[in-house]
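# Observations on the model geometry
Each chain, letter by letter, is given below.
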Amino acid sequence: MNKVITLDNPPVNALSFAYSEKILKEIEAAENDASVTSVTITGANGYFSAGVDVNDFAKEWDPSGTTVRDIIEAIERSGKVYIAAIDGVALGGALELALACDRRVATARSKLGLPEIKLGLIPGAGGTQRLPRLIDAQAALQMMLKGETVSAERALELGLIDVIMSLSNDPEHRAEGAPDEGTHTKRRVSELKVKLPPSTQAFALPYVIAQAHKTVPPEESGGLAAHKLIDAVQAAFELPFSRGLAREYRLFDELVGSAPSLALRHLFFAERELSKIPSLPPAAPLEIKSAGVVGGGTMGTGIAITFANAGIPVTVVEPSAEQVAKARQTIFGMFMHQVKRGRLTQEEAWKRGQSIEFSDDYAALGECDLVIEAVFENMSVKKEVFAKLDAVVKPGAILASNTSTLDIDEMASVTKRPEQFLGLHFFAPANIMKLLEIVRGKSTSAQTLATAFKLAKQLRKVAVLSANAFGFIGNRMFFEYTREAVALAEEGVPPARVDAAMKKFGMAMGPFATFDLSGIDVFWHVAQGRPDLALARTPILDRLYEQKRLGQKTGKGFYTYAEGSREAIRDEEIEQLFAQLAKKAGVTQNPDVSDAEIAQRIVGALIKSGEEILRDGVALRPGDIDIVWIYGYGFPPYRGGPMFHSQQELAHA
Ligand code: 3HC
Ligand code: NAI
């Protein structure tokens, strides 16, 4: 007789300590029942299982209690045949459970993976030992190093599953028709031999480097999950199964308590909190079937590409023929690049390109479900645009602004639909950066917000809600962050040293390099409108603006750039200019500051600003701020974002 055990622990059948104990009992019951010859393990709720319950790591991870490891060990000891019948997602510990079974079958829609590395962990229930035994060892290593999820089709190609088949909706008959169901031939993966080429280290190195950047500061390589993963896989071909497994368990248990894993787990949950808006009445989102963009400049073009990539046709209204030609060229170049990289077929690229239309007539936007404005950062220009849009765009459609700093309510006031008005603040390049700030105006309706969050998912963006306040979340903090960098330079620390210290801290880019990339003029313009801003009171911006040192675009800013190059070259003229300005302002020069102090001051300014933003209710939660800085500004994920970092520092002070 075949017994079916269904993983049913909503929402995603996570294998918590308590739930593992329940499943273990079901397995023991099957083991003690002589009439049971085979056991099928399957999942309810549209998932196989998302793996171990990540919440359990926050408690004391106690491997001596019941975990998925015990379930797996019971299966391994058993003389009965176990079949994993997968429909939906099988991740982490759940895939490891499937790997311990004698057969694996999956439906076509299923997705399988060992994503532990994304949480700063390694597979810790035998995955590092079984996967390289079951499939090509290089492919196994790659899957685990990248935390890659594969489709059922790819899993079949790799030999990870035996067959793709449909499963009955009736749990009791779930895997009926699975090959060899009910037979007594055990096929233990642990008994297979690993065929790992001798060049593991060389093969893995690029992934280690890529992962190192994301998960751990270089100087703390002891916590580096990628290194530990390689250690564990190495054990799979050097040691007998049981000793390899013991090594994996030890390495995993060490990582659970590591600072990078703590930070990455915080981000996992913070990301899932984002769309939970307290006190917002439930509302059904509208479907966005077509979109419009006004302004085909840097941002408008990137936003149009983002919609095309999500399969939503988009019309761009841009009055300048020259700008349209430039935008078309950017779009063509970007899709060609994707084709060259093998990420898109020629046909798909063509289709996406064709889904972006240009017009110089606002009437072309009449039937769009959503129109995003991305014209110059100027309130009167924007108000004029929205008055026109309100007149031509069908009633009920949503109007949005991509403004970086301006007042959403003032723009909404020129329309008759303030409930269907909001800010959708994309980051440059809009088709690449994952962050989207959703700015809630005073009249923005629950339905408009729900639509924006749903749309963000379709566009593959991570959306964070911000109140309508100057600079929203990210830029308001960014101005304080850059202000502190400028203060250090005024005190005699060369910009190149400030940037190097911040990169050492883990930022993707130093603050002065960011100034040069965005353009000094952008900051100067913001400063003109906001004289109360601390950054506006630093004379350096005026001086650089006067000298047309606008950054990369003019070949000179806080650094110099050779013609056509983005390589920032240290410029002593800038250091002298800072020295002159400091002298005039009576600022004492003290270049003798350590890298750690530099980072502490700049990140300190960032945190202080984050605290103000929370106090003012601009951001809902500290985790929302962390996500903004991780996805929008290159804050190192292994530090969990500025607010989490500050909490950790306090805890260890
Ligand atoms: N543990 C605890 N909760 C989990 C979870 C997990 N492994 N996976 C998902 N959840 C929760 C989410 O927090 C969310 O909760 P909420 O509704 O209260 O916010 C809910 O499940 C739904 O998750 P999503 O919103 O992400 O739903 P999606 O359908 O978009 O995605 C998913 C589902 C693909 C399973 C995605 O959640 C995911 O990738 N989860 C993480 C999987 C993972 O990393 N597994 C490895 C765990 S570590 C492990 O197994 C160690 C082992 O090797 C020993
Ligand atoms: P841009 O100068 O590259 O493009 C603006 C485009 O709008 C130009 O092509 C112009 O011809 C067009 N335009 C001007 N008036 C118009 C009108 N009345 N109707 C139709 N089109 C009109 O500017 P960019 O950088 O794309 O910025 C656009 C908006 O996005 C601004 O509000 C900016 O603050 C915001 N933003 C910019 C970011 C950046 O890094 N560049 C990042 C996030 C937001």
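For every chain, the first residue of its written sequence is number 1, and the numbers climb from 1 along that sequence. Chain letters start at A and ligand numbers start at 1, both assigned in the order the entries are written. In keeping with the model being predicted, local features are shown solely for residues with a pLDDT of at least 70 and side-chain atom pairs are shown and tallied solely at 80 or more, while totals for entire chains, interfaces and linings include all residues. Heavy atoms throughout the structure, all of them, feed into the side-chain values; hydrogens and water do not.

## Focus: the overall build of the protein
Note the cut-off: Helical segments are the DSSP runs of H or I of at least four residues, strand segments are the runs of E of at least two, and each set is numbered from the N terminus. With the radius of gyration taken over C-alpha atoms, the globule rule is written as 2.2 Å times the number of residues to the power 0.38. To sort residues, take the accessible area from a 1.4 Å probe on protein chains only and compare it with the maximum for the residue type: under 20% means buried, over 50% means exposed, and anything in between is partly exposed. By definition in these notes, contact holds between two residues if any of their heavy atoms fall within 4.5 Å. Calculation of accessible area relied on Shrake-Rupley with a 1.4 Å probe; when residues are assessed, cover is drawn exclusively from the protein chains displayed. For this count, His and the chain ends are skipped, Lys and Arg are scored as positive, and Asp and Glu as negative. By convention, the charge on Lys lies at NZ, on Arg at CZ, on Asp at CG and on Glu at CD.
In terms of helices and strands, the protein carries 26 helices and 16 strands. The C-alpha atoms of the protein give 28 Å as radius of gyration, which agrees with the globular expectation for 653 residues (26 Å, within 12%). Its C-alpha atoms put the protein at 85 × 60 × 45 Å along the principal axes. Put simply, the protein has 653 residues, and 55% of those count as buried. Partitioning the contacts of the protein with sequence separation of at least 6, the portion at a separation of at least 24 is 72%. Counting every atom, the protein has about 28200 Å² of accessible surface; 53% of that belongs to carbon and sulfur. Across the protein, the 72 positively charged side chains and the 81 negatively charged ones have centroids separated by 2 Å.

## Details of the packing of aromatic side chains
Each aromatic ring pair is described using two quantities: the centre-to-centre distance and the angle formed by the ring planes. What counts, and what does not: What counts as a ring pair is set by centres within 6.5 Å for rings of Phe, Tyr and Trp (its six-membered ring), and what kind of pair is set by the plane angle: stacked under 30 degrees, edge-to-face over 60, tilted for all other angles.
Scanning the model with the defined rule gives 20 aromatic pairs in all. Measuring from ring centre to ring centre gives 5.1 Å for Phe-268 and Phe-269, while their planes differ by 80°; the resulting arrangement is edge-to-face. Judged by relative accessible area, Phe-268 falls into the partly exposed class, the value being 25%. Feature note: the residues Phe-427, Phe-470, Phe-478, Phe-479, Tyr-481, Phe-512, Phe-515, Phe-523, Phe-558, Phe-578, Trp-629 and Tyr-633 constitute an aromatic cluster, connected by ring pairs.

## Section: the site of ligand 2
We count it as follows: When we say a residue is near a molecule or strand, we mean one of its heavy atoms is within 4 Å of it. Here a polar contact is recorded for every N or O atom pair within 3.5 Å, except that within protein the pair must consist of a potential hydrogen donor and a potential acceptor, and residues adjacent in sequence are included only if both atoms are side-chain atoms. Polarity classes work like this: nonpolar for Ala, Val, Leu, Ile, Met, Phe, Trp, Tyr, Cys and Pro, charged for Asp, Glu, Lys and Arg, and polar for all others, with Gly in that last group.
Near ligand 2, the surroundings consist of 23 residues, among which Met-299, Glu-318, Glu-377, Lys-382 and Ser-404 are the closest. Separating an oxygen atom of ligand 2 from a side-chain N or O atom of Asn-402 is a distance of 3.0 Å. Contact with the protein chains hides 77% of the accessible area of ligand 2, taken as 840 Å² for the molecule alone. Within the residue set of the shell around ligand 2, elements represented by two or more residues are α12 (298–309), α15 (379–392) and β14 (421–426). Taken together, the residues of the shell around ligand 2 sort by class into 11 nonpolar, nine polar and three charged.

## Some thoughts on the sheet that holds strand β1 (residues 2–7)
Stated precisely, the cut-off is as follows: For two strands to count as paired, DSSP must find a minimum of two bridges between them.
Taken in spatial order, the five strands line up as β1-β2-β3-β5-β8 in an open sheet, and their pairing is parallel. At either end of the open sheet lies a strand with only one pairing partner, and these are β1 and β8 (163–164). Inspection of the sheet shows strand β2 (residues 38–43) paired to strand β3 (residues 81–86) by five bridges, in the parallel sense. Its bridge partner being in β3, Val-39 is matched across the sheet by Tyr-82.

## What to know about the sheet that holds strand β6 (residues 111–113)
To keep it simple, the criterion reads: Angles run from 0 to 180 degrees between N-to-C directions of axes, and those axes are lines fitted to C-alpha atoms, restricted for helices to the stretch in contact.
Across the sheet, which stays open at both edges, the three strands sit in the order β4-β6-β7 with mixed pairing between neighbours. With one partner strand each, in any of the chains shown, β4 (89–91) and β7 (149–151) form the two edges of the open sheet. Each neighbouring strand pair of the sheet contributes to a mean axis angle of 20°, computed without reference to strand direction. Where β4 and β6 come together, three bridges link them in parallel fashion.

## Looking at the packing of helix α5 (residues 127–134) against helix α10 (residues 241–256)
Where we set the bar: Oblique is the label for every angle not falling under 35 degrees (roughly parallel), over 145 degrees (roughly antiparallel), or within 65 to 115 degrees (roughly perpendicular).
For the pair α5 and α10, interaxial distance at closest approach is 8 Å and the crossing angle is 130°. Compared by their axis directions, α5 and α10 come out oblique. For the pair α5 and α10, the contacting residues are Gly-127, Thr-128, Gln-129, Arg-130 and Arg-133 in the first and Phe-241, Gly-244, Leu-245 and Glu-248 in the second. Taken together, the residues that form the contact of α5 with α10 break down as two nonpolar, four polar and three charged.

## As for the site of ligand 1
Close to ligand 1 lie 25 residues; Tyr-47, Glu-96, Glu-116, Arg-272 and Lys-276 are nearest. Between ligand 1 and Ala-50, the relevant distance is 2.8 Å, taken from a nitrogen atom to a main-chain nitrogen or oxygen of the residue. In the complex, the protein chains occlude 75% of the 990 Å² of accessible area that ligand 1 would expose alone. Among the elements that take part in the shell around ligand 1, helix α11 (residues 259–273) stands out by supplying three residues, more than any other. Classifying every residue of the shell around ligand 1 gives 15 nonpolar, five polar and five charged.

## Quick look at helix α18 (residues 474–490)
Here is the rule: The span you would expect from a helix comes to 1.5 Å times its residue count less one.
End to end, α18 covers 24 Å across 17 residues, agreeing with the expected 24 Å (1.5 Å per residue, within 8%). In terms of burial, α18 is a largely internal element, 15 of the 17 residues being buried.

## Looking at the pattern of salt bridges
Defined as follows: The salt bridge criterion pairs a side-chain nitrogen of Lys or Arg with a carboxyl oxygen of Asp or Glu, the two atoms within 4 Å.
Evaluation of the coordinates by the stated rule reveals 33 salt bridges. A salt bridge links Lys-276 to Glu-273; the nearest nitrogen and oxygen atoms lie 3.5 Å apart. The class of Lys-276 is partly exposed, set by a relative accessible area of 46%. With a closest N to O distance of 2.9 Å, Asp-532 and Arg-530 form a salt bridge. Residue classification places Arg-530 among the partly exposed residues on the basis of a relative accessible area of 28%. A network of salt bridges, in which partner residues are shared, links Lys-228, Arg-250 and Glu-254.

## Structural notes on helix α20 (residues 511–518)
Burial within α20 is extensive, with six of its eight residues counted as buried. Buried residues of α20: Pro-511, Phe-512, Ala-513, Thr-514, Phe-515 and Asp-516, and no others.

Without other data, these values stay purely geometric and don't point to any function.
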